[in-house]
Amino acid sequence: MALIYIDRIVRLGEVTVNSLTIHRLLAAATVVSAKFLDDLFYSNEHYAKVCGLRLKELNSLERSFVSLLRWKLAVAPAGYNVYRSQVQRAVHAIQDFAK
């Protein structure tokens, strides 16, 4: 889900993924995904510590992230399967290359 969320934001032209933004994008996308998908999830304090961010910054990133997504967090099963297939193909390509 995190990858889908990041892709949605990039496609809107709101954010550029680069070495300066990827860490925070992944942190925000992971937190939002966990909260959307799971009834039980860790606190933002825990996620902030794991991600190496201050709690205040993670909270701000999360608010900005869902706002950029326009609070549209649901992903249709067909759309999810497209991304899952792409990730699986990429993993297989890397595994084949490493042989």
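Look a little higher up for the structure.
### So, helix 3 (residues 44-51)
Next, step 1: Within helix 3, the full set of buried residues consists of N44, Y47 and A48. With its buried residues spanning 100° around the axis, helix 3 presents them on a single face. Turned more than 90 degrees from where helix 3 packs its buried face, E45, K49 and V50 sit exposed.
Next, step 2: Where helix 3 is buried, its residues meet helix 2 (22-37) and helix 4 (55-68).
Next, step 3: With its phi angle positive at about 75°, G52 sits one or two positions after the end of helix 3.

### Looking at the packing of aromatic side chains
Next, step 1: Evaluated as defined, the whole model comprises 2 aromatic pairs.
Next, step 2: The interplanar angle of 65° and the centroid separation of 6.4 Å between the aromatic rings of Y5 and F65 together place this pair among those described as edge-to-face. On the criterion of sequence distance, the pair formed by Y5 in helix 1 (residues 2-11) and F65 in helix 4 is long-range, its members being 60 residues apart. Just as Y5 is buried, F65 falls in that class too.
Next, step 3: On the basis of an interplanar angle of 90° and a centroid distance of 6.1 Å, the ring pair of Y42 and Y47 is categorised as edge-to-face.
Next, step 4: On the basis of relative accessible area, Y42 is assigned to the exposed category, the value being 53%.

Procedures and definitions
- Residues numbered from 1 in each chain as written.
- Predicted model: local features only at pLDDT ≥ 70, side-chain atom pairs only at ≥ 80, totals over all residues.
- Heavy atoms only, no water.
- Buried < 20%, exposed > 50% of the residue type's maximum accessible area, 1.4 Å probe, protein only.
- Helix = DSSP H or I, 4+ residues; strand = E, 2+ residues; numbered from the N terminus.
- Arc of directions from axis to C-beta.
- Contact = heavy atoms within 4.5 Å.
- Phe/Tyr/Trp six-rings, centres within 6.5 Å; stacked < 30°, edge-to-face > 60°.

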